[in-house]
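Notes for the structure review
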Amino acid sequence: MISVNNVRAGYGDGPDILQGINLNAAGGEIVTILGPNGCGKSTLLKCIAGFVRPRGGAVEMEGCDVSAVPVHDKIRHHLMGFVPQTDNVFSTLSVADNIMLGARYMPAAERNARYAELMAQYPSLASKQERKASALSGGERQILSLARALISKPRVLLLDEPSAGLSPMMMHEVFAAIAEIRDRTGMCIVTVEQNAFEALGVADRAYVLSLGKVAIEGRAADLLADPAMRHLYLGGKPPVVESRPPFAAVN
Ligand SMILES: Nc1ncnc2c1ncn2[C@@H]1O[C@H](COP(=O)(O)OP(=O)(O)O)[C@@H](O)[C@H]1O
Ligand SMILES: [Mg+2]
């Protein structure tokens, strides 16, 4: 579904931030990109989306080279949904208007039908449709940004740190929502994550970036069990996870 082949990329006249990256992601799987702050995770996701043009190599989606295809064309053709790391909802707009921003290329009837489906899927948003996004909790804002990306039924979903700044319970809820999307739709989902342990808990496979290259890649379960991975990238030991009530009880 997504194939990143030997991609090099950077900004302006600056050095290559990505120095020959290879990555694959298939339909029905969550692939997560991990690594320390500033190592180029967001740059890689922006390259896949098309916000940053590769200096070398190519990004393919569904077997086609999309390195030069503009972002809005991929969104318009239901190929891709993208949720950026920051500023991913418009605080002064209502929940409904935020979601509809993701549907501006769709015919009205289809847009309204999809909106109704999303309201059925995400009751926490349905009960707040006319509220301003600024009135939502951090977790609800992330679900809102997901809903906006999902309204066009993209085949590929790119999410930059969907769990950033959330409490452990909210993080759990957002990850559960992402896993549910994978299981229900078979979408190809690529996430960037800081919270490596939690992200590996929900991902199928992961790539760990270091110094512009892929340092480690593998199945998420294998990486979680790998002592070297734990030592280098996961801080040595897993966080203590308290037993949680069912998701419905959160918030
Ligand atoms: N728009 C930009 N212009 C110039 N440099 C940038 C820009 N965005 C990111 N960088 C630089 O690229 C490097 C990687 O950043 P980023 O991909 O955001 O890392 P991460 O998401 O892993 O924290 C950093 O050194 C950062 O300062
Ligand atoms: Mg980032």
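Starting from 1, residues in each chain are numbered consecutively following that chain's sequence as written. Ligands are numbered from 1 and chains lettered from A, in the order in which they are written. Predicted model: local features are reported for residues with pLDDT of at least 70 only, side-chain atom pairs are reported and counted for 80 or more only, and whole-chain, interface and lining totals are derived from all residues. Only hydrogens and water are removed before side-chain values are computed, so all heavy atoms of the structure are retained for them.

**Considerations on the pattern of salt bridges**
To keep it simple, the criterion reads: Throughout this description, the term salt bridge denotes a Lys or Arg side-chain nitrogen within 4 Å of a carboxyl oxygen of Asp or Glu. Numbering of helices and strands runs from the N terminus; a helix is a DSSP stretch of H or I covering at least four residues, while a strand is a stretch of E covering at least two. Here the term buried applies to any residue with accessible area under 20% of the maximum for its type, exposed to any over 50%, and partly exposed to those in between, with areas from a 1.4 Å probe on protein chains only.
Scanning the entire structure with this criterion turns up 10 salt bridges. In this structure, the salt-bridge partner of arginine 114 is glutamate 117, at a minimum N-O distance of 2.6 Å. In this pair, arginine 114 and glutamate 117 are both assigned in helix α4 (residues 108-121), three residues apart and thus about one turn of the helix distant. Residue classification places glutamate 117 among the partly exposed positions, given a relative accessible area of 36%. A salt bridge links aspartate 204 to arginine 182, with the shortest nitrogen-to-oxygen separation between them at 3.0 Å. Here aspartate 204 is found in the loop between α8 (196-202) and β9 (205-210), whereas its partner arginine 182 is found in helix α7 (residues 168-185), with 22 residues between them in sequence. Relative accessible area serves as the criterion here: at 28%, aspartate 204 is assigned to the partly exposed category. Taken together, the shared-partner salt bridges connect Arg8, Asp16 and Arg55 into one network.

**Side note on the nonpolar core**
Let me state the cut-off plainly: Note on terminology: a nonpolar core comprises buried Ala, Val, Leu, Ile, Met, Phe, Trp, Tyr and Cys residues joined through side-chain atoms within 4.5 Å.
The biggest cluster of nonpolar side chains holds 47 residues, and the ones touching the most others in it are Ile99, Leu125 and Leu157. Tallying contributions element by element places α7 first for this core, with eight residues. In this structure, Ile48, Val59, Met61 and Val192 belong to the second largest nonpolar core, which totals 31 residues.

**What to know about the coordination of the magnesium ion (ligand 2)**
Six octahedral donors around a metal ideally subtend angles of 90 or 180 degrees, whereas four tetrahedral donors ideally subtend 109.5 degrees. So the rule is basically this: Coordination here is defined by N, O and S atoms within 2.8 Å of the metal (3.2 Å for Na, K and Ca), and since water is not considered, a site can look incomplete.
The magnesium ion (ligand 2) binds to the protein through Ser42 (OG) and Gln85 (OE1); the donor distances cover 2.1 to 2.3 Å. Residue serine 42 is located in helix α1 (residues 41-49), and its partner glutamine 85 is located in the loop between β6 (80-83) and α3 (95-101); the two are separated by 43 residues in the primary sequence. With relative accessibility at 18%, the residue serine 42 sits in the buried group.

**Side note on α4**
Threshold: The span expected for a helix works out to 1.5 Å for each residue beyond the first. Within this analysis, the arc is defined by the directions that extend from the helix axis to the C-beta atoms. For this analysis, residues touch if any pair of their heavy atoms sits within 4.5 Å.
Spanning 14 residues, α4 covers 20 Å between terminal C-alpha atoms, matching the ideal 20 Å at 1.5 Å per step. Those residues of α4 not exposed but buried are Arg114, Tyr115, Leu118 and Met119. Across the axial projection of α4, the buried residues extend over an arc of 145°, all falling on one side. Relative to its buried face, α4 has exposed residues pointing more than 90 degrees away, namely Ala109 and Ala120. Tucked inside the fold, the buried residues of α4 contact α3, α5 (123-126) and α6 (138-150).

**So, the pairing of strand β10 (residues 213-219)**
Basically, it comes down to this: A strand pair is defined by DSSP finding two or more bridges across the two strands.
Across six bridges, β9 lies against β10 in antiparallel orientation. Along β10, the bridge assignment pairs alanine 206 with glycine 218. What sits between the antiparallel neighbours β9 and β10 is a turn of two residues, in which leucine 211 has the positive phi angle 50°.

**With respect to the site of ligand 1**
Note the threshold: In these notes, residues near a molecule or strand are those with any non-hydrogen atom within 4 Å of it. Pairing of N or O atoms within 3.5 Å defines a polar contact, subject to two protein rules: one partner must be a possible hydrogen donor and the other a possible acceptor, and residues neighboring in sequence count only if both atoms are side-chain atoms. Side-chain classes follow a simple rule in which Ala, Val, Leu, Ile, Met, Phe, Trp, Tyr, Cys and Pro form the nonpolar group, Asp, Glu, Lys and Arg form the charged group, and the remainder, Gly included, forms the polar group.
Every residue close to ligand 1 is listed here: Tyr11, Ile17, Pro36, Asn37, Gly38, Cys39, Gly40, Lys41, Ser42 and Thr43. At 3.4 Å from a nitrogen atom of ligand 1 is found a side-chain nitrogen or oxygen belonging to tyrosine 11. Here serine 42 contributes a side-chain N or O atom positioned 2.9 Å from an oxygen atom of ligand 1. Considering each element in turn, the shell around ligand 1 owes the most residues, three residues, to α1. Split by residue class, the shell around ligand 1 holds four nonpolar, five polar and one charged.

**Considerations on unusual backbone geometry**
The backbone of histidine 78 shows a phi angle near 60°, a positive value even though the residue is not glycine. With respect to the element layout, histidine 78 can be found in the loop between α2 (71-76) and β6. Given a relative accessible area of 24%, histidine 78 falls into the partly exposed group. One non-glycine residue, lysine 153, lies in positive phi territory at about 55°. Here lysine 153 lies in the loop between α6 and β7 (156-160).

**Some thoughts on α1**
With eight of nine residues buried, α1 lies mostly within the body of the structure. Taken as a whole, α1 has its buried residues at Lys41, Ser42, Thr43, Leu44, Leu45, Cys47, Ile48 and Ala49. Directly beyond the C-terminal end of α1, a positive phi value near 110° is found at glycine 50.

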